[in-house]
Amino acid sequence: MLREIKLAALDLLRSAGAFGLIANSQWRRERLLILCYHGISLEDEHQWRPGLYMQAALLEQRLETLRAMHCSVLPLGEALTRLRSRDLPSRSVAITFDDGTHDFYKQAYPLLKKHNYPVTVYQTTYYTDHEIPIFNLTCSYMLWKRRGVRFSGAKELGLSEPLDLTTELGRHRIVRTLIERSERENLTGLQKNEIARRLADGLGIDYTAFTGKRLLQLMNAQEVAEVARNGVDVQLHSHRHRTPEDESLFRREITENRERIRALTGREASHFCYPSGVYRPEFFGWLKKDDVISATTCDAGLAGCDDNPFSLPRFVDTTGRSQTEFESWLSGVGSLVAVRKAASQTYIVPED
Ligand SMILES: [Zn+2]
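Residues numbered from 1 in each chain as written. Predicted model: local features only at pLDDT ≥ 70, side-chain atom pairs only at ≥ 80, totals over all residues. Heavy atoms only, no water.

Undergrad: In this structure, what is going on with the overall build of the protein? I would like to understand it.
TA: Along the backbone of the protein there are 16 helices and 11 strands. A globule of 352 residues ought to have a C-alpha radius of gyration of about 20 Å, and the protein, at 21 Å, matches this closely. Taken over the C-alpha atoms alone, the protein extends approximately 60 × 45 × 40 Å along its principal axes. Within the protein, counting contacts between residues at least 6 apart in sequence, those at least 24 apart form 71% of the total. Summed over its atoms, the accessible surface of the protein is roughly 15600 Å², and 51% of this surface lies on carbon and sulfur atoms. Averaging the locations of the 47 positively and 46 negatively charged side chains of the protein gives two centres separated by 2 Å. (Helix = DSSP H or I, 4+ residues; strand = E, 2+ residues; numbered from the N terminus. Rg over C-alpha atoms; globule rule 2.2 N^0.38 Å. Contact = heavy atoms within 4.5 Å. Areas by Shrake-Rupley, 256 points an atom, 1.4 Å probe, with all protein chains shown as cover. Lys, Arg positive; Asp, Glu negative; His and termini not counted. Charge placed at Lys NZ, Arg CZ, Asp CG, Glu CD.)

Undergrad: Got a minute to help me understand the coordination of the zinc ion in this structure?
TA: When four donors bind a metal tetrahedrally, each ideal donor-metal-donor angle is 109.5 degrees, and when six bind octahedrally, the ideal angles are 90 or 180 degrees. Only Asp-99 (OD), His-237 (NE2) and His-241 (NE2) from the protein reach the zinc ion as donors, at distances of 2.0 to 2.2 Å. Each donor residue of the zinc ion lies on the same chain, and together they follow the pattern D-x137-H-x3-H. (Donors = N, O, S within 2.8 Å, 3.2 Å for Na, K, Ca; no water.)

Undergrad: When you look at helix H8 (residues 135–145) in this model, what are you seeing that I'm missing?
TA: Note: α-helices contain 3.6 residues per turn, so residues at a spacing of three or four share the same orientation. With nine of 11 residues buried, H8 lies mostly within the body of the structure. Those residues of H8 that are buried lie in contact with helix H4 (45–48), helix H9 (168–184), helix H10 (189–203) and helix H11 (207–212). (Buried < 20%, exposed > 50% of the residue type's maximum accessible area, 1.4 Å probe, protein only.)

Undergrad: I keep staring at the state of the cysteines and nothing clicks. Help me out?
TA: As used in these notes, a disulfide is a covalent bond between sulfur atoms, one from each of two cysteines. Tallied over the full model, the rule gives zero disulfides. For the unlinked cysteine Cys-36, the closest cysteine sulfur is that of Cys-298, found at 4.8 Å. By relative accessible area, which is 0% here, Cys-36 ends up buried. Take Cys-298: its relative accessible area is 16%, and that puts it in the buried class. (Disulfide = S-S within 2.5 Å.)

Undergrad: How should helix H5 (residues 56–68) be read in this particular structure?
TA: With 13 residues, H5 should reach 18 Å at 1.5 Å per residue; the first-to-last C-alpha distance of 18 Å fits that figure. Looking only at H5, the buried set comprises Leu-58, Leu-59, Glu-60, Arg-62, Leu-63, Thr-65 and Leu-66. Directly after H5, the chain includes His-70, whose backbone phi takes a positive value near 55 degrees. (Expected span 1.5 Å × (residues − 1).)

Undergrad: How should I be thinking about the packing of aromatic side chains in this particular structure?
TA: Here a ring pair, both rings aromatic, is described through the centre-centre distance and the interplanar angle of the planes. A full pass over the atoms with the stated rule returns 21 aromatic pairs. Joined through ring pairs, the aromatic side chains of Phe-250, Phe-272, Tyr-274, Tyr-279, Phe-283, Phe-284, Trp-286 and Phe-310 make up one cluster. Cation over ring: Arg-62 sits above Phe-326, and NZ or CZ is 4.7 Å from the ring centre. The ring of Trp-144 has Arg-147 sitting right over it, with the charged end atom 4.2 Å from the ring centre. (Phe/Tyr/Trp six-rings, centres within 6.5 Å; stacked < 30°, edge-to-face > 60°. Lys NZ or Arg CZ within 6 Å of the ring centre and 35° of its normal.)

Undergrad: Looking at this structure, how should I read the pattern of salt bridges?
TA: For side chains bearing opposite charge, pairing can occur when the charged atoms are close. On inspection of all chains with the given rule, the structure shows 28 salt bridges. Close ionic contact of Glu-282 with Arg-280 constitutes a salt bridge, the shortest N to O distance being 3.0 Å. You can call Glu-282 partly exposed: its relative accessible area is 34%. What makes Arg-280 partly exposed here is its relative accessible area of 32%. Sharing partners across several salt bridges, the network here consists of Arg-240, Arg-252, Glu-253 and Glu-256. (Salt bridge = Lys/Arg side-chain N within 4 Å of Asp/Glu carboxyl O.)

Undergrad: Which parts of the structure should I look at to understand unusual backbone geometry?
TA: Peptide bonds are mostly trans, and most non-glycine residues show a negative phi. The phi torsion at Asp-99 lies on the positive side, around 85 degrees, for a residue other than glycine. Along the chain, Asp-99 falls in strand E5 (residues 92–99).

Undergrad: How do you make sense of the nonpolar core when you look at a structure like this?
TA: Across soluble globular proteins, nonpolar side chains have a tendency to be buried as a group. Judged by nonpolar contacts, the single largest core of 52 residues is most densely connected at Leu-66, Ile-95, Phe-97 and Phe-104. No other element matches helix H7 (residues 102–115), which puts six residues into this core. Counting residues in each nonpolar core, the second largest holds 34 residues, with Ile-134, Leu-157, Ile-174 and Leu-199 among its members. (Core = buried A, V, L, I, M, F, W, Y, C linked by side-chain atoms within 4.5 Å.)

Undergrad: Would you explain the environment of Ala-23 in this entry?
TA: Along the polypeptide, Ala-23 turns up in helix H2 (residues 18–23). Note on Ala-23: relative accessible area 4%, which makes it buried. Considered as a pair, Ala-23 and Arg-91 are 68 residues apart in the sequence and their alpha carbons are 6.3 Å apart. Once you skip the residues sitting within four places of it in the chain, Ala-23 turns out to touch Arg-28, Arg-91 and Ser-331.

Undergrad: How do you make sense of the packing of H5 against helix H15 (residues 323–331) when you look at a structure like this?
TA: In helix packing, the relevant descriptors are the interaxial angle and the interaxial distance, both defined with respect to the helix axes. At a closest axis distance of 11 Å, the pairing of H5 and H15 adopts a crossing angle of 40 degrees. Looking at the two axes, H5 sits oblique to H15. Taken as a pair, H5 and H15 cross one another with a handedness that is right-handed. Counted together, Gln-61, Arg-62, Thr-65 and Leu-66 of H5 and Gln-323, Phe-326, Glu-327 and Leu-330 of H15 form the full contact between these two elements. (Axes fitted to C-alpha atoms, helices over the stretch in contact; angles between N-to-C directions. Parallel < 35°, antiparallel > 145°, perpendicular 65-115°, else oblique. Left-handed = near helix turned anticlockwise from the far one by under 90°.)

It is worth stressing that arrangement in space is one thing and function is another; only the former is reported here.
Structure representation (structure tokens):
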């Protein structure tokens, strides 16, 4: 209900000319909109997680809107420098993609190239060395694919029956159990991949065929190197997509991630994005010690010149955002009327 009122209000503001007014204001000129994307579907991933995936056609529509609204799309590093020195062009925007997925390479990268837009990819690197799907997402996706069927072989995986595959919450509980087990037993990525394979067998899914499609996988080493050679700005997102609360473990994530990126791209990464948008104030000092110069969150907002460089807000664009909503954020109105700005601080949230 609240959302419907908000969307109706945005439509009214747009027809009253407020979008243009704010877009041309000094207030907007002193701010940078950092767009955040995750996956672009290879198949039906946007139906499974509309908050994480969108179709390529929708991304293309967004890129056309940037052009139609005369936005200045800048490389992230340049945009942040110019933000600090109050030297931004009008309606400035930076485009970022989290994780560095194979679908970025396959779907988003050709579109960005076609439109000639600079892009930053926050690359998590553990899986770039192992061409296997991301464990927790894969379990969740396969259970969703089989949401109407009976699941056999649960006991072997340490799951207690009855299992409910029909709701998001039921499937989430199963994924949670599998994750907790793999953490308890300190399993490697390859060992977790074997659990995913057994889950696939129990669900009647051909796991070899599934992995062959590269769904829910990151870019491999060659793909990261190729996009970097062609101008994609590859930056930090932690090696294992985690931010430990212990300083030395946290900084090890940054160091390993940076070393891997250096080996793949030949460049030094110095911008960071918090995995899953989860951050704590003590991280700021740790990042600084490691010569990181900026860090982005999933909190909603436009970045201002006096904002803390280690907690920069972004606009997380998803399948669920309407065209009016997207335009409201480009103009700046979206930020002014946003109801909830802070992102959830839990790693995995079921959708019902
Ligand atoms: Zn991420």
